[in-house]
Amino acid sequence: MTERPVLSVRDLEVEFPTRRGVLKAIDRISFDIARGEVLGVVGESGAGKSLTGAAIIGLLEPPGRIAGGEIRLDGERIDNLPREAMRHIRGRRIGMIFQDPLTSLNPLYRVSEQLVETIRTHTDLDARRARERALALLTEVGIPAPEQRLDAYPHQFSGGMRQRVVIALALAAEPELIIADEPTTALDVSVQAQIIALLKKVCRQHHAAVMLITHDMGVIAETADRVAVMYAGRIAEIGPVRDVVARPRHPYAKGLMGAIPTLATDAPRLMQIPGAMPRLNAIPAGCAFNPRCAAVFDRCRRERPEPVAIGASEVACFLADAGGGR
Amino acid sequence: MLAFILRRVAEAAIVLVVVALLAFLLFRFVGDPINQMVGQDVSIAEREALRAQLGLNDPLIVQLGRFLWNALQLDFGISYRFRQPVMELIGGRFPATFELAMMASVFALAVGIPLGVYTGIHRESLLSRFFLGVSLIGISLPTFLIGILLIYLFAVKLQWLPSYGRGATVDLGFWKTGLLTAAGLKALILPAITLGLFQLTLIARLVRSEMLEVLRTDFIKFARARGLTDRAIHFGHALKNTLVPVITIIGLQIGSIIAFAVVTETVFQWPGMGLLFISAVQNADIPIMAAYLLLVAAIFVTINLVVDLLYVIVDPRIRVAGGAKA
Amino acid sequence: MTPFAADREPGLIARALDSDVWHSFTRSPVVVVAAILTALLTLSAVFAPWIAPHDPTDLAKLDLLDSRTPPLWLEGGDKRFLLGTDNQGRDMLSAILYGLQISIGVSVLAVMLAMTIGVTAGLVAGYFGGWIESAIMRVADVQLTFPAILTALLINGAARAMLGNKSVDGAEFWVLVVSIGLSFWVQYARTVRGSTLVEKNKDYVQAARLIGIRPLAIMFRHVLPNVLGPVLVIATINLALAIITEATLSFLGVGLPPSHPSLGTLVRIGNDFLLSGEWWIALFPGFVLALLALAVNMLGDWLRDALNPKLR
């Protein structure tokens, strides 16, 4: 990978100061996303997936804050930019898609108004040109009869159609990176595949890299080039999707992959990981996964495993070389 | 849409009819109209004659019909105390109350909304905290106390402004206005502030809490992620979404401005309807009370209708939902 | 600050001190002050006859020569009258203490009346449904269109007309209680009706019906505890409103008469002398009234947030 990555995250830390002390929600994570690449980010709720996305686009909710590390977009540091400079990056260079299309659009504004507003914020187009571009975007994301739908209000669209509008909005200023935070979770199963396919298609056409946050391993397997498995604010394993899905090394990744029902293998029953992910105020010392790990040994309770390269992957486990101990 | 409006009009009519019924009962059964009208020395025969002449011996339903019919023509009979047609009395005093209420509303809105927006956006700032503290005091202080304090400060101590009356008025034939003379305007300042202060704090607190709520919504997060300017987000997307609840409260508040005008007019000896009403209550002058009751009900109902129609303009979702439900 | 303190299981008191309710209490010293203030004012009202240096209701003891004496620390102050006297030579301090008693008395009784009417109406409406419910809730809707102060004024006026010009001694007190009480019942009725509707369809009510227990008795026994929290919150907030409403009515001259003044009446009397410079007659009772309303209001606000954040 000689080309400079679009997004490069190094040792990122996000923390929440509370009455009872500082909670570390993201603990030293590092990853890159290459131009045009789709990086899937998976993990349980609360693992820090969405927070990572929010930190990158500079929209952490106070009192949450970036406590360490750096984020680079095309080599340029963006985690310490002033407010106004960061605003110009949002929408223009990083687009974002949220989970729920029903609530992502302002109900009181026409779709055309929201598109034109976004386009004109980031480009020099005049109102007429911006409207033309809005129409082109709606066409591109597959809204039927876009001329008639352009001036409709969000509530006049179905959930799937609204998410298409949201994608059009995210793409409006041709960003080089799209962060899609659970883009299909709130949708009907029947339209989920369409939206994922659309997302993949338009991002390829616009040469945008994608950070696809989801807990749906099926979506990852179909869509992502690489995948990062997050656990308790850390990356357990990151690597090419076929490696991580087919031959996970980290015990947690194994558990996660084992929890996917497949028709191909004839595993007698789904694997379960005993216990639950620790709360932020009770993350154990050493490896965060150690209380639930079947292969735990003394060192795991004392020392945090740093990611080690294994093939094209990186795995944060002392037993990674040995295949995670089993 | 039309059905929605028609339903609202019908509901308003029902409220008015109920109130008219109450006014009639008040008029007919509370105290003896004859006793109120004539002196002690009038003979029983004369009383009976008067009773028959006024139609008080007719069947109740006929009396009710007559009362309603007269009310429709704005005829509420003769005041027991002033021996003058009630409508003449009220009509002569309406301009004073109207001008006072309008100025108070303008004051409350013009200061309250910006204050609410500011404290909603900068909720941690010193000014916001200061305002919240002061506003609780403002809400707890009875209106008449605020008026008395203002009089003491600005009329007695500083002697900047008059402490009672309307100042000089200009007679436009059908309307006596205090807005066209300097003295009239000066006389309006203290009563308008007194009357508007409570509404101001209420509106500011409401706008603030609505802003806080809206600023947490997904579509505001998405608007930020699209890189829109703070200005567009706060004053476009957020403020517009606070309008529906704010309009509701403002509608109700105009009602309570009229109610509290009674108090303010007493404090400042402002020659409006409220002062007339209070003297009617003190003297059990039922025709004035009944007329005032109906008039105020009519104003309230009209305001509620206007509020409903404003919703429709502000929120496109109601245009569809309201029509569909009806 | 021992490093492992967090690992130990905290005791009951420690946990109570760490609870959010307690935190919200101690984190705002204002609320603590409000609680103390309310207690102090209530106590002085209850013990007014023992604390007050004079009996302001005994008109025979008043001396017009003492009238409009300024407070003690001003030029012309009299050491018998700490806060000065009003236009009839009544000691302001004593009048305020007795007035406080009347103001609190009227407000508490009015709130209790409103609560009784409202809870009963809500239970009946929710339980019986049908036209009874429609009638009750329609009346509630119509009344809700009007500000409480107007309703109270109208009821007050009607009561005056009914009593005629023959003034019954002490009638004003009860007219006030009734007119304020009748203006505030709607909120209780709505809350209780909502809970009743929910409770009515639960299995145990159906079961009780089957074994022949009078369901209305059940409603009282089971719905009432459920709505006690919200009803208490409404009552506290209403108490502040009732205090203000009573004061306003008295100030408007349709409340308590000058012979038995409440705080509002005292301000009304003082208002006439504000322009001639005798500010203490209006401002002292006004100040006490403001303190009382503010303290109760803050308690209500806090109680609402602490007990039920969802209740507006």
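Residues numbered from 1 in each chain as written. Chains lettered and ligands numbered in written order. Predicted model: local features only at pLDDT ≥ 70, side-chain atom pairs only at ≥ 80, totals over all residues. Heavy atoms only, no water.

Caption draft 1: How the structure looks around the overall build of chain C. Summing up its helical and strand segments, chain C has 13 helices and zero strands in all. Each helix and strand of chain C, ordered N terminal to C terminal, gives the series α-α-α-α-α-α-α-α-α-α-α-α-α. Counting every position in chain C, which comprises 312 residues, the buried fraction comes to 48%. Within chain C, contacts between residues separated by at least 24 positions form 70% of all contacts whose residues are at least 6 apart in sequence. Carbon and sulfur atoms provide 67% of the accessible area of chain C, an area that totals close to 15300 Å². (Helix = DSSP H or I, 4+ residues; strand = E, 2+ residues; numbered from the N terminus. Buried < 20%, exposed > 50% of the residue type's maximum accessible area, 1.4 Å probe, protein only. Contact = heavy atoms within 4.5 Å. Areas by Shrake-Rupley, 256 points an atom, 1.4 Å probe, with all protein chains shown as cover.)

Caption draft 2: Local environment of the overall build of chain B. Scanning chain B from N- to C-terminus turns up 13 helices and two strands. With the C-alpha coordinates of chain B rotated into their principal frame, the extents come out at 85 × 60 × 35 Å. Buried residues in chain B amount to 50% of all 326 residues. For chain B, contacts bridging at least 24 residues in sequence account for 70% of all contacts bridging at least 6. Here chain B contributes 26 positively and 19 negatively charged side chains, and the mean placements of these two sets differ by 11 Å. (Lys, Arg positive; Asp, Glu negative; His and termini not counted. Charge placed at Lys NZ, Arg CZ, Asp CG, Glu CD.)

Caption draft 3: A look at the pairing of strand β8 (residues 209–213) of chain A. Residue and element names in this part refer to chain A. Summarising burial for β8: five of the five residues are buried, a large majority. Side-chain alternation along β8 places Ala 209, Met 211 and Ile 213 on one buried face and Val 210 and Leu 212 on a second face that is also buried. In terms of strand pairing, strand β3 (residues 38–42) meets β8 through four bridges, oriented parallel. Looking across to β8, one finds that Gly 40 is bridged to Leu 212. One ladder, built from five bridges, connects strand β7 (residues 177–181) with β8; its direction is parallel. By the bridge assignment for β8, Asp 181 is matched with Ile 213. Regarding the hand of the β-α-β motif, the stretch spanning β7, helix α8 (residues 189–205) and β8 is right-handed. (Pairing = 2+ DSSP bridges. Right-handed = clockwise from strand over helix to strand, strands pointing away.)

Caption draft 4: Quick look at the sheet that holds strand β1 (residues 7–18) of chain A. All names here are of chain A. Here four strands make up an open sheet; going across it, the order is β2-β1-β4-β5 and the pairing antiparallel. In this open sheet, the two strands that pair with only one neighbour each are β2 (21–33) and β5 (76–77). In the sheet, strand β4 (residues 65–73) pairs with β5 via two bridges, with the strands oriented antiparallel. Across the sheet, the residue bridging to Arg 72 is Arg 77, located in β5.

Caption draft 5: Inspection of the nonpolar core at higher detail. Among the nonpolar cores identified, the biggest contains 130 residues, and Phe 144 and Phe 277 of chain B together with Phe 146 and Leu 153 of chain C are the most heavily contacted of them. In terms of residue count, the dominant contributor to this core is helix α11 (residues 215–252) of chain C (14 residues). Residues contacting Leu 153 of chain C, with those up to four places away along its chain left out, are Val 262, Phe 277, Ile 278 and Val 281 of chain B together with Leu 249, Leu 252 and Val 254 of chain C. Among the nonpolar cores identified, the runner-up in size contains 98 residues, and Val 38, Met 96, Ile 179 and Val 241 of chain A belong to it. (Core = buried A, V, L, I, M, F, W, Y, C linked by side-chain atoms within 4.5 Å.)

Caption draft 6: Structural context of helix α5 (residues 86–121) of chain B. Across its 36 residues, α5 of chain B extends 50 Å between first and last C-alpha, which sits within 8% of the 52 Å expected from 1.5 Å per residue. Remark: the principal bend of α5 of chain B, roughly 40°, maps to Phe 94 of chain B, with a proline, Pro 95 of chain B, within the next four residues. (Expected span 1.5 Å × (residues − 1). Bend = angle between axes of the 7 residues up to and from the residue.)

Caption draft 7: View of the side chain of Ser 128 of chain B. Along the chain, Ser 128 of chain B turns up in helix α6 (residues 126–140). Look past the residues within four positions of Ser 128 of chain B in its chain and what remains in contact with it is Tyr 118, Thr 119, His 122 and Arg 123 of chain B.

Caption draft 8: Quick peek at the packing of aromatic side chains. Counted by the stated rule, this structure contains 14 aromatic pairs over all chains. Seen from their ring centres, Phe 98 of chain A and Phe 222 of chain B are 6.0 Å apart, and the 80° between their planes marks the pair as edge-to-face. Residue Phe 98 of chain A is found in the loop between β6 (94–97) and α3 (101–104), and its partner Phe 222 of chain B is found in helix α9 (residues 218–225); the two belong to separate chains. Just as Phe 98 of chain A is buried, Phe 222 of chain B falls in that class too. Above the ring of Phe 157 of chain A, the side-chain terminus of Arg 149 of chain A is found at 4.4 Å from the ring centroid. Here the basic side chain of Lys 240 of chain B rests over the ring of Tyr 109 of chain A, its NZ or CZ set 4.8 Å away from the ring centre. (Phe/Tyr/Trp six-rings, centres within 6.5 Å; stacked < 30°, edge-to-face > 60°. Lys NZ or Arg CZ within 6 Å of the ring centre and 35° of its normal.)

Caption draft 9: Quick look at a nonpolar patch on the surface. There is a patch of nonpolar side chains on the surface, built from Ile 14, Val 18, Leu 22, Leu 25, Phe 29 and Leu 60 of chain B and spanning about 500 Å² of accessible area. On the secondary structure map, Leu 60 of chain B appears in helix α4 (residues 60–72). (Patch = residues over 30% accessible without salt bridge, like charges linked within 9 Å, V, L, I, M, F, W, Y side chains within 5 Å. Salt bridge = Lys/Arg side-chain N within 4 Å of Asp/Glu carboxyl O.)

Caption draft 10: Molecular detail of the pairing of strand β10 (residues 234–240) of chain A. Residue and element names in this part refer to chain A. Most of β10 sits out of view: seven of its seven residues are buried. Here six bridges tie strand β9 (residues 226–231) to β10, and the two strands are oriented antiparallel to one another. Paired with Arg 226 across the bridge in β10 is Pro 240.

Caption draft 11: View of the interface of chain C and chain B. Taken residue by residue, the interface counts 38 residues in chain C and 45 residues in chain B. Counting the surface lost from both chain C and chain B, the interface buries some 3600 Å², and carbon and sulfur atoms represent 81% of this. Three residues stand out in chain C for area buried against chain B, namely Phe 146, Leu 154 and Leu 252 of chain C, and they jointly supply 15% of the buried area on that side. Our count for the contact surface shared by chain C and chain B stands at zero salt bridges. Counting across the chain C and chain B interface gives one residue pair in polar contact (both at pLDDT 80 or more). (Buried area = accessible area lost by both parts, 1.4 Å probe. Polar contact = N/O pair within 3.5 Å; in protein donor to acceptor, adjacent residues only side chain to side chain.)

Caption draft 12: Inspection of the environment of Leu 81 of chain A at higher detail. Residues and elements named next belong to chain A. Within the secondary structure, Leu 81 is located in the loop between β5 and α2 (83–89). For Leu 81, a relative accessible area of 25% corresponds to the partly exposed category. Taking the C-alpha atoms as reference, Leu 81 lies 34 Å from Glu 303; in sequence the two are 222 residues apart. With residues up to four places along the chain from it excluded, the contact list for Leu 81 reads Glu 76, Met 86 and Ile 89.

Caption draft 13: A look at empty space enclosed by the protein. Taken as a whole, this structure holds three cavities of 30 Å³ or more when the rule is applied. In this structure, the largest cavity encloses a volume near 80 Å³. Lining of the largest cavity is provided by 13 residues; of these, Pro 251, Cys 287, Cys 293, Cys 300 and Cys 317 of chain A occupy positions nearest its centre. By residue class, the composition of the lining of the largest cavity is 11 nonpolar, two polar and no charged. Approximately 50 Å³ is the volume attributed to the second largest cavity. Every residue along the wall of the second largest cavity is listed here: Ser 105, Ala 108, Leu 109, Gln 199, Ile 203, Ile 250, Gln 253, Ile 254 and Ile 257 of chain B. Sorting elements by how many residues they give to the lining of the second largest cavity places helix α10 (residues 230–268) of chain B first, with four residues. Class assignment for the residues of the lining of the second largest cavity results in six nonpolar, three polar and no charged. (1 Å grid on protein atoms, 1.4 Å probe; cavity = no way out; pocket = protein on both sides within 12 Å on 5 of 7 lines; lining within 4 Å. Points joined across faces, edges and corners; volume = space filled by probe spheres on them. Nonpolar A, V, L, I, M, F, W, Y, C, P; charged D, E, K, R; others polar.)

Caption draft 14: Structural view of the sheet that holds β3 of chain A. All names here are of chain A. Reading across from one edge, β6-β7-β8-β3-β9-β10-β12-β11 is the order of the eight strands in this open sheet, with mixed pairing throughout. The sheet is open, and its two borders are formed by β6 and β11 (308–310), each paired with just one other strand. The average undirected angle you get between the axes of adjacent strands in this sheet is 20°. Strands in contact with helix α7 (residues 159–171) are β6 and β7; relative to β6, the strand with the most contacts, it is inclined by about 165°. (Axes fitted to C-alpha atoms, helices over the stretch in contact; angles between N-to-C directions.)

Caption draft 15: Geometry of the confidence of the model for chain C. Residue and element names in this part refer to chain C. On average, chain C scores 78 in pLDDT, and the residues at 70 or more come to 82%. Taken element by element, chain C is modelled with least confidence in helix α1 (residues 12–18), mean pLDDT 57, and with most confidence in helix α5 (residues 92–128), mean pLDDT 89. Interface scoring of the predicted complex returns ipTM 0.84; its pTM is 0.76. (pLDDT = per-residue confidence, 0-100.)

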